[in-house]
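Coordinates in review
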Amino acid sequence: MSNKLFSPEEMAALKASPYVESVTSRSVCFTPEFKRLVYRELLSGKNIHKVFEEHGIDIAALGTVRINGFLERLREASDR
C-alpha cells in the first residue's frame, strides 16, 4: 500500500472518472468494467501506464506503488 495520500484535487479528479467506484485519501477502487478493460489491453501488449493514461486516469496521482499493486491484484484475479 502506498503511503502517499491523495490531495482533495486528486480525489475530485479520480471521482470524476467513470472507471472509479470510490476514492478515499488513501485508496482508489476501480470498477469491474475497468479491470476487465485493462486486462484485455494488457493481453494485447499495451503498457499499464499507457492504458491508465488513455482512459483519463492520472498516473502521477496514483503513483508507481498503486499502479503496480493494481497490476499484481489483476494478475492474481486472472489466475483464478
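Described below are features of the structure shown in this document. (Residues numbered from 1 in each chain as written. Predicted model: local features only at pLDDT ≥ 70, side-chain atom pairs only at ≥ 80, totals over all residues. Heavy atoms only, no water.)

Let us look at the pattern of salt bridges. Considering all chains together, one arrives at 3 salt bridges under this definition. Between glutamate 41 and lysine 46 there is a salt bridge, and its shortest N-O distance comes to 3.2 Å. Residues joined in a network through salt bridges with shared partners are Glu41, Lys46 and Glu54. (Salt bridge = Lys/Arg side-chain N within 4 Å of Asp/Glu carboxyl O.)

The subject of this paragraph is helix α2 (residues 32–43). Residues three or four positions apart in an α-helix share a direction because the helix packs 3.6 residues into each turn. The first and last C-alpha atoms of α2 sit 17 Å apart over 12 residues, in line with the 16 Å expected at 1.5 Å per residue. For α2, the set of buried residues is Phe34, Leu37, Val38 and Glu41. All buried residues of α2 lie within an arc of 95° about the axis, which places them on one face of the element. Residues of α2 that are exposed and point more than 90 degrees away from the buried face comprise Arg40 and Leu43. Looking one or two residues past α2, glycine 45 carries a phi angle of roughly 105°, positive in sign. (Helix = DSSP H or I, 4+ residues; strand = E, 2+ residues; numbered from the N terminus. Expected span 1.5 Å × (residues − 1). Buried < 20%, exposed > 50% of the residue type's maximum accessible area, 1.4 Å probe, protein only. Arc of directions from axis to C-beta.)

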